[in-house]
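# Structure assessment
The primary structure of each chain is shown beneath.
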Amino acid sequence: LGAAGNPLVSATVDCEGDTDTFEKVKSKRSHKRKRDAAEVDMRPEETVVAAKRPQFPALSGDQLTGGTAEMRRVPVPAHRYSPLKENWMKIFTPIVEHLQLQVRFNLKTRNVEIKTCRETSDIGALTRAADFVKAFVLGFQVEDALALIRLDELFLETFEVTDVKPLKGDHLSRAIGRIAGKGGKTKFTIENVTKTRIVLADTKVHILGSFQNIKMARTAICNLILGSPPSKVYGNIRAVASRAAERF
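Residues numbered from 1 in each chain as written. Predicted model: local features only at pLDDT ≥ 70, side-chain atom pairs only at ≥ 80, totals over all residues. Heavy atoms only, no water.

- Under the annotation held in an unreviewed UniProt entry, the protein chain carries the name RNA-binding protein PNO1 and is attributed to Cyprinus carpio.
- As recorded by UniProt, the Subcellular location (unreviewed entry) comment attached to the protein chain reads in full: "Nucleus, Nucleolus".
- UniProt's Sequence similarities (unreviewed entry) comment on the protein chain is quoted here verbatim: "Belongs to the PNO1 family." (UniProt positions renumbered as here; feature names shortened; annotations may be inferred.)

## Quick word on the packing of aromatic side chains
- Enumeration according to the criterion identifies two aromatic pairs in this entry.
- Ring centres of Trp 88 and Phe 92 lie 6.4 Å apart, and the angle between their planes is 40°; on these two criteria the pair is classed as tilted. A residue pair is termed a helical-turn pair when its members lie 3 or 4 positions apart in one helix, as Trp 88 and Phe 92 do in helix 5 (residues 88-98) at four residues. (Phe/Tyr/Trp six-rings, centres within 6.5 Å; stacked < 30°, edge-to-face > 60°. Helix = DSSP H or I, 4+ residues; strand = E, 2+ residues; numbered from the N terminus.)

## Looking at the pattern of salt bridges
- With the rule as written, the count across this model stands at seven salt bridges.
- Residue Arg 104 is joined to Glu 113 by a salt bridge in which the shortest nitrogen-to-oxygen separation is 2.7 Å.
- By relative accessible area, Glu 113 is classed as buried at 4%.
- For Arg 218, the salt bridge identified is with Glu 157, shortest N-O distance 2.8 Å. One end of the pair, Arg 218, is in helix 12 (residues 211-225); the other, Glu 157, is in strand 4 (residues 155-160), with 61 residues separating them in the sequence.
- Judged by its relative accessible area of 27%, Arg 218 is partly exposed.
- You can call Glu 157 partly exposed: its relative accessible area is 25%.
- Beyond isolated ion pairs, a larger network of salt bridges with shared partners links Arg 73, Arg 104 and Glu 113. (Salt bridge = Lys/Arg side-chain N within 4 Å of Asp/Glu carboxyl O. Buried < 20%, exposed > 50% of the residue type's maximum accessible area, 1.4 Å probe, protein only.)

## Considering helix 6 (residues 125-138)
- Look at helix 6: 20 Å from first C-alpha to last across 14 residues, which is about the 20 Å you get at 1.5 Å a residue.
- The complete set of buried residues in helix 6 reads Ala 125, Leu 126, Ala 129, Ala 130, Phe 132, Val 133, Ala 135, Phe 136 and Val 137.
- Just downstream of helix 6 lies Gly 139, where phi reads positive at about 125°. (Expected span 1.5 Å × (residues − 1).)

## Re the sheet that holds strand 4
- As summarised here, the arrangement of the three strands in space is 4-6-5, forming an open sheet in which the pairing is antiparallel. Of all the strands in the sheet, the pair left with one neighbour each is strand 4 and strand 5 (197-201). Averaged over all pairs of adjacent strands, the angle between their axes in this sheet comes to 15°, without regard to strand direction.
- As paired strands, strand 4 and strand 6 (residues 204-209) are joined by six bridges and run antiparallel to one another. (Pairing = 2+ DSSP bridges. Axes fitted to C-alpha atoms, helices over the stretch in contact; angles between N-to-C directions.)

## With respect to the packing of helix 10 (residues 169-180) against helix 11 (residues 185-194)
- Remark: helix 10 packs on helix 11, axes separated minimally by 5 Å, with the N-to-C direction vectors making an angle of 50°. The angle between helix 10 and helix 11 places the two elements in the oblique class. On the side of helix 10, the interface is formed by Arg 178, Ile 179 and Ala 180, while helix 11 contributes Lys 185, Thr 186 and Lys 187.
- Here the residues of the contact of helix 10 with helix 11 are counted per class, giving two nonpolar, one polar and three charged. (Parallel < 35°, antiparallel > 145°, perpendicular 65-115°, else oblique. Contact = heavy atoms within 4.5 Å. Nonpolar A, V, L, I, M, F, W, Y, C, P; charged D, E, K, R; others polar.)

Below is the structure:
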């Protein structure tokens, strides 16, 4: 027993101590195994939590603008008063019912005023309504201008005949005549081939359509202003239109 003194001493000390309470000695190996198993169990949950994206509720138009109402004013020239009065309900209805905006015609300033309200849900509705009214004021039909509200990726472009070539007098009149054609035939042909709408107002040219189509129509009109015969312009735009159709 003297050689194995240490275990004997420890056993004697344990027996002399409090024998009513025994503490269970945990093995380090079993504790480590349990800890590893717990870590393995936790890993999939941790990855799931990390993979989740934060969910934020959609903000209303009133919250996006910070509760302040925005307004746009579109000036109306004198020669468009009568058409505006005749087509007011056609303009008023889509702006109020579909875009949830407020609109009025200010008789003092001669402006169409468009304003957001609490019911406005789309933050881009104000810009669409302003473009719609502007297109009508420039001379487009209500049905054509309405496409600016219903469709995306539609634009308005305006330029003057004298921007392309500085013409004066009869030369300017002939250039405008070449764009219009006999009875408006050339203008209608360009519109149908390029799928745009064109308004000729004195020396100004207004084009309504998509970006690519406006580019085609503008090129055709510029060629006519510069003196190209209509037959050559027709051939060019038909070739470009057929290539665009094949591409899409």
